[in-house]
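So you can see what is in the structure, the chains are spelled out below.
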Amino acid sequence: MTPSATANWADFATAEPALAATVEARFGAYTHHTLATLRKDGSPRTTGLEVRFLSGELWLGMMPGSLKALDLRRDARFALQANPGDGTGMGGGDVRIGGRAVEVEDAEARAGYVKEVKPPEPFHLFRTELTEVVRTYVEGENLVVQIWQPGEPLRTVRRA
């Protein structure tokens, strides 16, 4: 695979189960997270978002006609930052996910999401294709950065 390859959540969790568990726990610790999308003019837009890990996928649900959904329809690239929580502890570290969002129109997939999440309808639903997962944390005196990309081994960088 090339660095531009993508993977779904299940692929990532199979490749790096410990990191995937840490990332899911960080997203599960809080309800609201930050999504970055690209506006028409190419400038970034950040907005709040709830995410779900279901059936081997990372799902992004949005209100109908929301600017973030329109951004993703136009340019599927996104970055998703887990809520860091109160203070500076960031138990489990700082985690972010980059990739592309694919809108889901399939009735069966949408019905499965509705059954589990019970979102207000109508709504936009996107599944994610991951291009990168990054975890940053402090270990002793070092800043540790773990970087995963599809088809590549997990890279760990330590900075004193």
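Predicted model only: the values in this text are computed from it and were never measured.

Enquirer: In this structure, what is going on with the overall build of the chain? I would like to understand it.
Expert: What the chain contains, in helices and strands, is four helices and nine strands. In sequence order, the chain lays out its α and β elements as α-α-β-β-β-β-α-β-β-α-β-β-β. With respect to the principal axes defined by its C-alpha atoms, the chain has extents near 50 × 35 × 35 Å. The buried share of the chain, reckoned over its 160 residues, is 38%. Across the chain, every contact between residues at least 6 apart in sequence was considered, and the portion connecting residues at least 24 apart equals 58%. Just so you have it, the chain exposes about 8,600 Å², and 52% of that area is on carbon and sulfur atoms. For the chain, the centre of its 19 positive side-chain charges and the centre of its 21 negative side-chain charges are spaced 4 Å apart.

Enquirer: I keep staring at the pattern of salt bridges and nothing clicks. Help me out?
Expert: Proximity of charged atoms lets side chains of opposite charge pair with each other. By the definition in use, this model includes eight salt bridges. The partner of Glu50 in a salt bridge is Arg52, and the shortest N-O contact between them spans 3.8 Å. Asp75 is paired through a salt bridge with Arg77; the nearest N and O atoms lie 2.7 Å apart. Accessibility expressed as a relative area gives 48% for Arg77, which makes it partly exposed.

Enquirer: Is there a simple way to think about the packing of aromatic side chains in this case?
Expert: Aromatic ring pairs are defined here through the distance separating the ring centres and the angle between the ring planes. Considering all chains together, one arrives at six aromatic pairs under this definition. The rings of Trp9, Phe12, Phe27, Phe53 and Trp148 are connected pair by pair, giving a single aromatic cluster. Sitting over the face of the ring of Phe123, Arg110 holds its NZ or CZ atom 4.3 Å from the ring centroid. Over the face of the ring belonging to Tyr137 we find Arg135, whose NZ or CZ atom lies 3.8 Å from the ring centre.

Enquirer: Looking at this structure, I do not really get the layout of surface pockets. What am I missing?
Expert: The gaps left among the atoms become clear once a water-sized probe is rolled over them. Its boundaries defined by the atoms lining it, the largest pocket holds a volume of some 320 Å³. As for the largest pocket, its lining consists of 16 residues, and the residues nearest its centre are Glu50, Gly61, Met62, Met63 and Pro120. Elements with a minimum of two residues in the lining of the largest pocket: β2 (44-49), β4 (57-62) and α4 (107-117). Of the residues that constitute the lining of the largest pocket, the class distribution is 10 nonpolar, three polar and three charged.

Enquirer: Explanation requested: the environment of Glu105 in the structure shown.
Expert: Structurally, Glu105 can be placed in the loop between β6 (94-103) and α4. Take Glu105: its relative accessible area is 56%, and that puts it in the exposed class. For the pair Glu105 and Val144, spaced 39 residues apart in sequence, the C-alpha to C-alpha distance is 39 Å. Other than its neighbours up to four places away in sequence, Glu105 contacts Arg73 and Arg110.

Enquirer: In this structure, what is going on with the nonpolar core? I would like to understand it.
Expert: Inside soluble globular proteins, nonpolar side chains tend to come together where they are buried. If you look at the biggest cluster of nonpolar residues, it comprises 25 residues, and the most contacted ones within it are Leu60, Leu80 and Ile97. When contributions to this core are tallied by element, the ones reaching two or more residues are α1 (9-15), α2 (17-28), β4, α3 (67-74), β5 (77-81), β6 and β7 (124-139). With four residues, the top contributor of residues to this core is α2. Dropping the residues within four chain positions of it, Leu80 is found in contact with Phe27, His33, Thr34, Leu35, Leu49, Val51, Leu58, Leu60, Val95, Arg96 and Ile97.

Enquirer: Would you take a moment to explain the pairing of strand β1 (residues 33-38) for this structure?
Expert: In the case of a regular strand, side chains alternate between the two sheet surfaces. Residues of β1 alternate between two faces, with His33, Leu35 and Thr37 buried on one and Thr34, Ala36 and Leu38 left unburied on the opposite face. Relative to β2, β1 runs antiparallel, the two being bridged by six bridges. Across the sheet, Thr37 pairs through a bridge with Arg45, a residue of β2. For β1 and β5, the ladder comprises three bridges, and the chain directions are antiparallel. From the neighbouring strand, Leu35 faces β5, where its bridge partner is Leu80.

Thresholds, definitions, all that
- Residues numbered from 1 in each chain as written.
- Predicted model: local features only at pLDDT ≥ 70, side-chain atom pairs only at ≥ 80, totals over all residues.
- Heavy atoms only, no water.
- Helix = DSSP H or I, 4+ residues; strand = E, 2+ residues; numbered from the N terminus.
- Buried < 20%, exposed > 50% of the residue type's maximum accessible area, 1.4 Å probe, protein only.
- Contact = heavy atoms within 4.5 Å.
- Areas by Shrake-Rupley, 256 points an atom, 1.4 Å probe, with all protein chains shown as cover.
- Lys, Arg positive; Asp, Glu negative; His and termini not counted.
- Charge placed at Lys NZ, Arg CZ, Asp CG, Glu CD.
- Salt bridge = Lys/Arg side-chain N within 4 Å of Asp/Glu carboxyl O.
- Phe/Tyr/Trp six-rings, centres within 6.5 Å; stacked < 30°, edge-to-face > 60°.
- Lys NZ or Arg CZ within 6 Å of the ring centre and 35° of its normal.
- 1 Å grid on protein atoms, 1.4 Å probe; cavity = no way out; pocket = protein on both sides within 12 Å on 5 of 7 lines; lining within 4 Å.
- Points joined across faces, edges and corners; volume = space filled by probe spheres on them.
- Nonpolar A, V, L, I, M, F, W, Y, C, P; charged D, E, K, R; others polar.
- Core = buried A, V, L, I, M, F, W, Y, C linked by side-chain atoms within 4.5 Å.
- Pairing = 2+ DSSP bridges.

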